[in-house]
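# Analysis of the macromolecular model
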Amino acid sequence: MTMPPQDGRDQHRNVRDVEEMLDAITDHAVVKLGPGGEVVRWSRSAREMTGYTVSEVEGQPLALLRTAEDREAGLVEQELDAVRRDGRREFQGWRVRKGGERFLAHTVLTPVHGEDGTVTGFVEVLKDATESARAESLFHGLLESAPDAMVIVGSDGRIVLVNRQTETLFGFERADLVGREIEVLVPPRFRDRHIGHRNGFLADPRLRPMGVGLQLSGMRRNGTEFPIEISLSPLDTSEGTLVAAAIRDVTERRETEQRLQRQRDEILELSTPVIQVWDKVLALPIIGTLDTLRATRLTEGLLEKIAQTQAEVAILDISGVPTIDTQVAQHLLKTVQAAALMGTVSIMSGVRPETAQSMVHLGIDMGRLRSRNTLQDALQLALAVLAERAGTAASATRALSAGGRGE
């Protein structure tokens with residue numbers, strides 16, 4: 001089916017419709033150029049963006065909007081030649097408004113072809129990119145000034161952007177990182193697990209630390225590993241959701257924590273020393289509050305000493321313990337029970353009258369644990385226990401010998 005040819009009124013109406021559509025575009029300036037780059041049509045948004053009216057620019061070369069440096073360098077002519085040769089092209093550069101104010105413009109220049117294929121003109125679409133460029137510059141400035149290594153990662157797990165601190169921390173150049181998977185910064189043995197963490201975050205992107213409770217490690221370019229902490233936050237962009245990872249080297253803090261832990265262990269050992277007072281007799285003077293951690297260390301230290309010395313009696317002196325509550329009593333009872341399993345009799349000394357009353361009031365049952373008021377009394381009891389055991393052992397030996405002789 002052949003459409004009837006349009007008359008002049010139809011063509012004029014179509015042109016007017018196109019111009020109205022172009023005027024409806026407010027965030028982009030649309031300009032129709034002739035074959036030499038002169039202005040043929042000037043949209044309303046172009047007037048608002050540049051300050052020039054139609055009468056001021058019509059027939060003028062588009063170089064009117066260029067800086068003096070660009071005009072002297074012939075950049076407009078070079079761009080037009082490139083579009084004639086290659087087709088649609090994008091450019092970015094400075095433009096000048098009527099009052100002399102410069103603005104950064106992102107432009108798309110497209111050739112218009114006649115029926116014989118020759119270029120009969122151009123259409124240029126300009127967008128004022130000043131604010132977005134300023135925001136991008138601010139973003140990059142903030143990224144560079146961040147105290148931590150900042151790594152921006154795409155949804156495919158590949159690095160989009162890094163800051164200077166990342167280069168310093170990991171020993172990579174930016175060009176070596178951009179486009180590579182984030183796992184290049186992770187030790188090989190953790191990479192499969194890290195991919196799972198990464199995918200989990202992308203499935204529920206929100207501000208949070210990565211690997212809470214885990215010991216995370218990073219890997220430098222030379223292969224050395226170091227402890228790190230990572231905080232993740234999503235970035236919603238026109239290109240989709242990106243992930244911003246703030247990475248901090250915690251080597252110094254980890255070493256400080258380990259040093260403090262060693263010091264705490266040493267203090268605990270000093271505060272609960274196991275003393276061998278006689279052969280097969282140990283004394284454990286307890287001073288201060290007895291919490292779960294300290295009670296655990298106390299039990300471990302006592303059992304190790306019992307194994308080393310083959311002790312038969314252990315004296316737990318509690319004269320330095322300020323208060324006895326149910327929890328402290330339970331700790332002491334567990335220590336006594338553990339020692340009994342190794343064949344050691346426990347004696348508690350230093351029980352003051354107020355301590356005894358408190359234990360009775362609380363209903364604390366220390367089982368068959370022997371107790372004495374003073375350490376001296378406890379030592380005398382320990383000697384008696386040893387003598388009793390020695391006598392029992394001697395009697396058993398004689399009985400065995402008699403049985404062997406048939407008496």
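Structure shown above.
Read on for an overview of the structure.

Here is what the cut-offs are and how they apply
Residues numbered from 1 in each chain as written. Predicted model: local features only at pLDDT ≥ 70, side-chain atom pairs only at ≥ 80, totals over all residues. Heavy atoms only, no water. Pairing = 2+ DSSP bridges. Helix = DSSP H or I, 4+ residues; strand = E, 2+ residues; numbered from the N terminus. Axes fitted to C-alpha atoms, helices over the stretch in contact; angles between N-to-C directions. Contact = heavy atoms within 4.5 Å. Buried < 20%, exposed > 50% of the residue type's maximum accessible area, 1.4 Å probe, protein only.

### Details of the sheet that holds strand β15 (residues 345-349)
Strand order in this open sheet of 5 strands is β12-β13-β14-β15-β16, and the pairing throughout is mixed. The open sheet is flanked by β12 (275-278) and β16 (370-372), the only strands paired with a single partner. Between one strand axis and the next, the sheet turns by 30° as a mean value, whatever way the strands run. Two elements, strand β14 (residues 313-320) and β15, share 5 bridges in a ladder whose sense is parallel. Note that in β15 the partner of V313 across the bridge is V345. Contacts from helix α11 (residues 292-309) reach β12, β13 (281-287) and β14, with the element oriented near 165° to β13.

### With respect to the side chain of S346
Checked against the element boundaries, S346 lands in strand β15. Using a relative accessible area of 6% as the deciding quantity, one classes S346 as buried. With residues up to four places along the chain from it excluded, the contact list for S346 reads A314, L316, V336, A339, L369 and R370.

### Observations concerning the sheet that holds strand β5 (residues 119-128)
Strands pair in a sheet through their backbones, by hydrogen bonds, and they do so in one of two ways: parallel or antiparallel. Taken together, the 5 strands give an open sheet; going across it, the order is β2-β1-β5-β4-β3, and neighbouring strands pair in antiparallel fashion. Sheet topology places β2 (39-42) and β3 (89-96) at the edges, where each strand pairs with a single neighbour. When strand polarity is set aside, the average angle formed by the axes of neighbouring strands in this sheet is 30°. When strand β1 (residues 29-33) meets β2, the two strands line up antiparallel, connected through 3 bridges. Residue pairing in the sheet places L33 in a bridge with V39 of β2.

### Notes on the environment of K32
As for its placement among the helices and strands, K32 is situated in strand β1. Put simply, K32 and V125 are 93 residues apart on the chain and 8.9 Å apart in space, counted from C-alpha to C-alpha. If we skip the residues at most four places from it in the chain, K32 touches E38, V39, V40, R41, V112, G121, F122 and V123.

### Details of the pairing of strand β4 (residues 102-113)
In this sheet, β4 lies alongside β3 in antiparallel orientation, the contact comprising 8 bridges. Counterpart to R89 in the pairing with β4 is L109. Taking the residues that link successive antiparallel strands as the turn, the β3-β4 hairpin has 5 residues, and the phi of G100 there is positive, at about 100°. Both β4 and β5 contribute to a ladder of 9 bridges, which runs antiparallel. Each residue of the ladder has a partner; that of H106, found in β5, is K127. Once β4 ends, the chain turns through 5 residues before running back antiparallel as β5, passing G117 with a positive phi of about 90°.

The values reported here are purely geometric and, on their own, carry no functional implication.
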